[in-house]
Amino acid sequence: LMCAAGVGGGLAQTGGSLRLSCAASGSIVVRGATGWYRQAPGKQRELVAKFTADNSIHYADFVKGRFTISRDIRKNTVYLEMTGLNSEDTAVYYCYVNKVGVDYWGKGTQVTVSS
């Protein structure tokens, strides 16, 4: 999985916005369970947002109303639109795609929010 932070390389100011993208390829497709986790320094990896296998969307409480997950099946890409960023959103963000019960992970992209 190829993850990218879009324009700006993952840097944003408090209150700013950033868009992450994660492109899958080959036999790995974003049609089923897929989503985003993040891991801040010294903390455990935590779920940010995901599509479940039945196409429901789930958001962590701390991003509701600020982040939006979406996907483009034709481009085989999943996105995370982040708005209202704050310093607590600083973390490495990882995308994953589940295929037949196995999670395939992107290598992560750094998001840094500064005041």
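Here, every reference points to the structure presented above.
Here we summarise the structure given alongside this text. The shown structure was predicted, so the numbers you read here are calculated from the model rather than taken from an experiment. (Residues numbered from 1 in each chain as written. Predicted model: local features only at pLDDT ≥ 70, side-chain atom pairs only at ≥ 80, totals over all residues. Heavy atoms only, no water.)

Attention now goes to the packing of aromatic side chains. In total, this model carries 3 aromatic pairs according to the counting rule given. Aromatic pair Tyr37 and Trp105: ring centres 5.4 Å apart, planes at 70°, arrangement edge-to-face. Of this pair, Tyr37 sits in strand β4 (residues 34–39) while Trp105 sits in strand β10 (residues 102–105); the two residues are 68 residues apart in sequence, bridging distant segments of the chain. Tyr37 sits in the partly exposed class, given a relative accessible area of 24%. When its relative accessible area of 35% is taken as the criterion, Trp105 is described as partly exposed. Among the aromatic residues, ring-to-ring pairing joins Tyr37, Tyr96 and Trp105 into one connected group. Directly above the aromatic system of Tyr94 lies the positively charged group of Arg45, at a separation of 3.8 Å from the ring centroid. (Phe/Tyr/Trp six-rings, centres within 6.5 Å; stacked < 30°, edge-to-face > 60°. Helix = DSSP H or I, 4+ residues; strand = E, 2+ residues; numbered from the N terminus. Buried < 20%, exposed > 50% of the residue type's maximum accessible area, 1.4 Å probe, protein only. Lys NZ or Arg CZ within 6 Å of the ring centre and 35° of its normal.)

Let's shift gears to the environment of Gly10. Positionally, Gly10 belongs in the loop between β1 (2–4) and β2 (11–13). Residues Gly10 and Val113 lie 103 residues apart in sequence; the distance between their C-alpha atoms is 8.3 Å.

Such coordinate-based values are descriptive only and should not be taken to indicate function.
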